[in-house]
Amino acid sequence: MLADPRRRSADRAGEHLLHRHFTADELPRLRVQVERCAAWAGLSETRRGDFVLAVDEIANNAIEHAGGTGSLLLRRIGDELECRISDSGPGFSEDVIPRILPGLDGATSGRGLWLTQLVTDRLVISAGAVGAVVTLAMRLR
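Residues numbered from 1 in each chain as written. Predicted model: local features only at pLDDT ≥ 70, side-chain atom pairs only at ≥ 80, totals over all residues. Heavy atoms only, no water.

Trainee: If you had to explain the overall build of the chain to someone new, which residues and values would you point to?
Mentor: Counting its secondary structure elements, the chain contains three helices and five strands. What you see in the chain, going N to C, is helices and strands ordered as β-α-α-β-β-α-β-β. Pairs at least 24 residues apart make up 58% of the contacts formed inside the chain by residues separated by at least 6 positions. Total accessible area on the chain stands at roughly 7900 Å², and carbon and sulfur atoms take up 51% of it. (Helix = DSSP H or I, 4+ residues; strand = E, 2+ residues; numbered from the N terminus. Contact = heavy atoms within 4.5 Å. Areas by Shrake-Rupley, 256 points an atom, 1.4 Å probe, with all protein chains shown as cover.)

Structure (structure tokens):
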């Protein structure tokens, strides 16, 4: 569900821009919605491309490694655009993020997490009630 851009949320958790559950079939539409919300929130075009790419990588990970579905919450909090993706998979920790580009060290996985950490201003991985919660954010200015 897209938030009405004319209506400002007054809650202290930030301004909700997009909240939806997704499956693999919905990823193309999800990318478009995230891009539109990021543009509306004021994320520059260059940073917006990186943000959408990072969100797409984490959403794909939820599909591939955590049961085929996920939930996305996109919100503006102060001067940041934050995306929180949760899933119902086995969970994981930040220890799985490769230190160097996967492939250069022989690793065959982890490229999406590595890339997300590279292009975002904040990346936090935590345990949810079930599965993992990945939060990524970029400063708007």
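Trainee: Residue-level account of the packing of helix H1 (residues 27-41) against helix H2 (residues 45-65), with values.
Mentor: The contact between H1 and H2 brings their axes to 10 Å, and the two run at 145 degrees. The interaxial crossing formed by H1 with H2 has right-handed handedness. For the pair H1 and H2, the contacting residues are Leu27, Leu30, Arg31, Val34, Glu35, Ala38 and Ala39 in the first and Arg48, Phe51, Val52, Val55, Asp56, Ala59, Asn60 and Ile63 in the second. Within the contact of H1 with H2, the residues separate by chemical class into 10 nonpolar, one polar and four charged. (Axes fitted to C-alpha atoms, helices over the stretch in contact; angles between N-to-C directions. Left-handed = near helix turned anticlockwise from the far one by under 90°. Nonpolar A, V, L, I, M, F, W, Y, C, P; charged D, E, K, R; others polar.)

Trainee: Please provide a residue-by-residue account of the pairing of strand E4 (residues 122-127), values included.
Mentor: Of the strand pairs in this sheet, E4 and strand E5 (residues 132-139) are connected by six bridges, and their pairing is antiparallel. The residue bridging Ala127 from the neighbouring strand is Ala132, located in E5. (Pairing = 2+ DSSP bridges.)

Trainee: Describe helix H3 (residues 111-119), listing the residues and the values that go with them.
Mentor: Within the sequence span of H3, burial applies to Gly112, Leu113, Trp114, Leu115, Thr116 and Val119. Residues of H3 that are buried make contact with H2, E4 and E5. (Buried < 20%, exposed > 50% of the residue type's maximum accessible area, 1.4 Å probe, protein only.)

Trainee: Tell me about the pattern of salt bridges, residues and numbers included.
Mentor: Tallied over the entire structure, the rule returns nine salt bridges. Between Glu26 and Arg20 there is a salt bridge, with the nearest N and O atoms lying 3.3 Å from each other. When its relative accessible area of 29% is taken as the criterion, Glu26 is described as partly exposed. Arg20 sits in the buried class, given a relative accessible area of 10%. Two residues, Arg48 and Glu35, come together in a salt bridge whose shortest N-O distance is 2.7 Å. Note that Arg48 is positioned in helix H2 and Glu35 in helix H1, a separation of 13 residues in sequence. Accessibility expressed as a relative area gives 14% for Arg48, which makes it buried. A network of salt bridges, in which partner residues are shared, links Arg75, Glu80, Glu82, Arg84 and Arg122. (Salt bridge = Lys/Arg side-chain N within 4 Å of Asp/Glu carboxyl O.)

Honestly, it's all geometry; don't read function into it.
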